[in-house]
Amino acid sequence: MKILIYGAGTIGSVFAGKLALSGYDVTILARGARLVELKKNGVILVNPGNNREEIAKIDVIEHLLPDHIFDYILVVMQKIQIDSVLPVLSQNISKNIIFVVNTASGYDDWVQAVGSDRLMLGFPSAGGERVDGRVHYFIGKGFMRIFQTTTFSEYNGQKTERLKKIVDVFNCAGIPSVVSNNMDMWQKTHVAMVTSIGNALYKYNSNNYALAKSYADIKLLVLGIKEGFAVLTKLGINIKPSKLHYFKLPVFLIAPIFKIIMGTKFAETVMAKHTAVAKSEMVCLQNEFDVLIMKSKMETPSIDKLRKNLAKD
């Protein structure tokens, strides 16, 4: 099995490194300084929990040509970057293209580019940051899966052999993964969560430890997520995965849990570090979710307060 990771940021590097270390034939597409780093040193992964370092030597390419054939291409990048690569993907003849991209606006452009028969979808439960060519990372395991597990889906929601195969590959590589039967609902749910979390962090310049000290802002964060879920429900969009229905619990039960989590290294690596370097993407996601709010015609006072932090310099 030949796998291409299209994008060499933090998540792309984690995927490529873990898959390669598990024995899979992995190629990663990178450009600029990151291309030079990877060719010289390989993918270097550092587990923040124990500072253990793993090095995976991986084939690196700078361009995807039409006749480069892979069993799976995983497109791992920010939503604001995706339009620039659609023409390249449309010309490639590989049969399985998985977009691991954050979005709440659906997949029409992707279908037009690669076709509904080739399109697959995914989203990671992982995060981290690159420091001096090394990727310090977390993968969603154990208790942290209460929020999110790496998830894959067919565009049409069916369970297929190719879907089962990629999930098995990721599980074998130590990245716990599951299947969703409706990734569009799943991702809209995810955006409802991350926009409120990200906007709460922006009040504190992406310092999760400072946010954790403010019960009032943690409470506002939870209220924002609840409002986002109410918007989706009003539009007939189910909350996915169903385990997130614990958000139906009263705020006084949920907020203390968030307060604890926000004060952890996990929150720093997976949430805060990402918001610090991906503000343009967060603006894009908020704009996408605002379209859903307008369609619902619902009042969202908590989201409105949180949104003001996004404009903070």
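Since the structure is predicted, the reported quantities are computational estimates derived from the model, not experimental observations. (Residues numbered from 1 in each chain as written. Predicted model: local features only at pLDDT ≥ 70, side-chain atom pairs only at ≥ 80, totals over all residues. Heavy atoms only, no water.)

Side note on the overall build of the protein
Moving on, step 1. Counting its secondary structure elements, the protein contains 13 helices and twelve strands.
Moving on, step 2. Taking the principal axes of its C-alpha atoms as reference, the protein extends roughly 50 × 40 × 35 Å.
Moving on, step 3. Counting every position in the protein, which comprises 313 residues, the buried fraction comes to 56%.
Moving on, step 4. For the protein, the share of sequence-separated contacts (at least 6 apart) that also reach a separation of at least 24 residues comes to 73%.
Moving on, step 5. In the form shown here, the protein has an accessible surface area of approximately 13,700 Å², with 54% of it arising from carbon and sulfur atoms.
Moving on, step 6. Within the protein, the 27 negative side-chain charges are centred at a point lying 6 Å from the centre of the 38 positive side-chain charges. (Helix = DSSP H or I, 4+ residues; strand = E, 2+ residues; numbered from the N terminus. Buried < 20%, exposed > 50% of the residue type's maximum accessible area, 1.4 Å probe, protein only. Contact = heavy atoms within 4.5 Å. Areas by Shrake-Rupley, 256 points an atom, 1.4 Å probe, with all protein chains shown as cover. Lys, Arg positive; Asp, Glu negative; His and termini not counted. Charge placed at Lys NZ, Arg CZ, Asp CG, Glu CD.)

Quick look at the pattern of salt bridges
Moving on, step 1. Tallied over the full model, the rule gives 14 salt bridges.
Moving on, step 2. Connected through salt bridges with shared partners, the residues E129, K265, E268 and K273 form a single ionic network. (Salt bridge = Lys/Arg side-chain N within 4 Å of Asp/Glu carboxyl O.)

A word on the packing of aromatic side chains
Moving on, step 1. Evaluated as defined, the whole model comprises ten aromatic pairs.
Moving on, step 2. Centre to centre, the rings of F99 and W110 are 4.6 Å apart; their planes meet at 10 degrees, and the pair counts as stacked. On the criterion of sequence distance, the pair formed by F99 in strand β7 (residues 97–100) and W110 in helix α5 (residues 108–114) is long-range, its members being eleven residues apart. In terms of burial, F99 and W110 fall into one category: buried.
Moving on, step 3. A ring pair is formed by F229 and F247, whose centres lie 5.3 Å apart and whose planes are at 75 degrees; its orientation type is edge-to-face. Taken together, the positions of F229 in helix α9 (residues 215–234) and F247 in the loop between α9 and α10 (251–262) put the pair 18 residues apart, joining distant regions of the chain. (Phe/Tyr/Trp six-rings, centres within 6.5 Å; stacked < 30°, edge-to-face > 60°.)

Re the pairing of strand β4 (residues 52–56)
Moving on, step 1. Examined bridge by bridge, strand β3 (residues 43–47) and β4 share five bridges and lie antiparallel to one another. Residue pairing in the sheet places N47 in a bridge with R52 of β4.
Moving on, step 2. Linkage of β3 to β4, two consecutive antiparallel strands, is achieved through a turn of four residues, within which N51 is found at a positive phi near 60 degrees. (Pairing = 2+ DSSP bridges.)

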